[in-house]
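Coordinates in review
Residue-level listing of the chains:
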Amino acid sequence: MADTYYKFEGWMGFDPKAGDGNMVWKEFEPKPWEETDVDIKITHSGICGSDLHTLRSGWGPTMYPCCVGHEIVGIAVRVGSKAEGNITTGDRVGVGAQNDSCQGRNGDCEECASGLEQYCPKNMVGTYNSIHLNGGKSYGGYALYHRAPSHFVIKIPDAIPSAIAAPMLCGGITSYSPLRYNGCGPGKTVGIIGVGGLGHFGIIFAKALGAEWVVAISRKANKREDALKLGANAYIATDDNINWAKNNSRSLDLIISTVSSSKMPIVDYISLLKTNGSFVQLGIPEDGALSVPASSLIKKRVKFSGSLIGSPSEICEMLQLAAEKKVQAWVEERPMKEANQAIVDMEAGKARYRYVLVNKQ
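Residues numbered from 1 in each chain as written. Predicted model: local features only at pLDDT ≥ 70, side-chain atom pairs only at ≥ 80, totals over all residues. Heavy atoms only, no water.

1. A few points about the environment of Ile-192
Within the element layout of this structure, Ile-192 appears in strand β10 (residues 189–193). Here Ile-192 falls in the buried class, since its relative accessible area comes to 0%. In contact with Ile-192, other than residues within four places in its own chain, are Gly-199, Gly-202, Ile-203, Val-214, Val-215, Ala-216, Ile-217 and Ile-256. (Helix = DSSP H or I, 4+ residues; strand = E, 2+ residues; numbered from the N terminus. Buried < 20%, exposed > 50% of the residue type's maximum accessible area, 1.4 Å probe, protein only. Contact = heavy atoms within 4.5 Å.)

Okay, here's the thing in structure tokens:
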């Protein structure tokens, strides 16, 4: 860039084969600078399942070339004169999965005005693979530097290490937001389907919010010990007990489903809910649409819904709770130079439970 002393370089995907570990290190052009922006020297970038879906065009055609990564933590190295949030050069900051919206630009929509920017119907701009309101393309955090509108740049509390904070900015908030919205707290019984990147955050934050009883649900028994260490009170391995649904019927107030499969036993999962219970789907299947089990919903007045990431204000709230409760995500740091192997390992299910790419300073 002509107006900076640093270059924007990162791991670029050029076709769906990039999802198989074929990204290429290249320079890219960030969105045109605006005085509301912040440039971040990236120190940590979490690997999210969304990255793999996007690299291989699993959710629709990707706008190649694409640099993924939306769990970004680093140091603010350039702060616009109109930047929000009292950010100054040298601050440790982060960016999650959203990078722009109509907030403060073309007239606020109801969602942005209500602090629900992630549901902006006019311009919900992702941190990568999207087009900013000024026409620039968004590029993510598998890189050296990142440029973002300051409204979506979050100061990281001192109490949270960068490697722990990074995956909270997407994986953490995606689990925290529906737990908080659906009343997770003292006296509540909560089920978390899938003990992976999102699911492990679901267990952690359900306990941090004060849930009385948290049940981890997975197909296999191999994650039982991990789930209990994370704070789950019980574990259900659905492949190991044909009567699991019957034995746990009407035991949960809230279920958060993190799995991305159209073939999940949705009727059995709904049977675990109490009357007036809520089922919230987070994972987006690539293999087809989920069927709505109308009869199961009707018979118990169950609410069936979905949830998408979180707003900047929700992220700040989550980070404050994480700092107060000393929340510890389970992460493994990987060098940024090993990004291709890291995404292959992620796809193979080797992460326990989030990989975080680290730029060596």
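What follows picks up the thread again.
2. So, the domain arrangement of the protein chain
Per the domain assignment, the segments making up the protein chain are domain 1 (9–170 + 310–319 + 329–358) and domain 2 (171–306). Centre-to-centre separation of domain 1 and domain 2, based on C-alpha positions: 27 Å. At the interface, 19 residues of domain 1 touch 23 residues of domain 2. For domain 1, the biggest contributors to the area lost against domain 2 are Met-318, Trp-330 and Tyr-353; these three give 35% of the whole. Where domain 1 touches domain 2, the interface holds three salt bridges. The partner of Arg-56 in a salt bridge is Glu-286, with the nearest N and O atoms 3.1 Å apart. One can count 16 residue pairs in polar contact (both at pLDDT 80 or more) joining domain 1 with domain 2. The residue makeup of the side of domain 1 that touches domain 2, split by class, is 10 nonpolar, three polar and six charged. (Domains from an automatic or database assignment. Buried area = accessible area lost by both parts, 1.4 Å probe. Salt bridge = Lys/Arg side-chain N within 4 Å of Asp/Glu carboxyl O. Polar contact = N/O pair within 3.5 Å; in protein donor to acceptor, adjacent residues only side chain to side chain. Nonpolar A, V, L, I, M, F, W, Y, C, P; charged D, E, K, R; others polar.)

3. So, empty space enclosed by the protein
By rolling a water-sized probe across the atoms, one finds the places where empty space is left. Tallied over the full model, the rule gives two cavities of 30 Å³ or more. At the level of secondary structure, the elements contributing two or more residues to the lining of the largest cavity comprise α3 (162–181) and α9 (312–325). Split by residue class, the lining of the largest cavity holds seven nonpolar, four polar and no charged. Its volume calculated, the second largest cavity comes out at about 50 Å³. Around the second largest cavity sit Phe-8, Phe-28, Pro-30, Lys-31, His-132, Lys-137, Ser-138, Tyr-139, His-146 and Arg-147, which together line it. (1 Å grid on protein atoms, 1.4 Å probe; cavity = no way out; pocket = protein on both sides within 12 Å on 5 of 7 lines; lining within 4 Å. Points joined across faces, edges and corners; volume = space filled by probe spheres on them.)

4. Here's the deal with the layout of surface pockets
Taken as a whole, the second largest pocket holds about 280 Å³ of empty space. Residue lining of the second largest pocket: 15 residues in total, with Tyr-119, Ser-177, Tyr-181, Asn-182 and Ser-307 positioned closest to the centre. For the lining of the second largest pocket, the secondary-structure elements that each account for two or more residues are α3, β14 (273–281) and β15 (303–306). For the lining of the second largest pocket, the leading source of residues is α3, giving four residues. Each of domain 1 (9–170 + 310–319 + 329–358) and domain 2 (171–306) contributes no fewer than three residues to the lining of the second largest pocket.

5. Points about the packing of α3 against helix α4 (residues 197–208)
Taken N-terminus to C-terminus, the directions of α3 and α4 make an angle of 55 degrees; their axes are 8 Å apart at the nearest point. Between α3 and α4, the angle falls in the class oblique. Here the hand of the crossing between α3 and α4 comes out right-handed. Listed contacts from α4 to Pro-167, Met-168, Gly-171, Gly-172, Thr-174, Ser-175, Tyr-176 and Leu-179 of α3 are Leu-198, Phe-201, Gly-202, Phe-205 and Ala-206. (Axes fitted to C-alpha atoms, helices over the stretch in contact; angles between N-to-C directions. Parallel < 35°, antiparallel > 145°, perpendicular 65-115°, else oblique. Left-handed = near helix turned anticlockwise from the far one by under 90°.)

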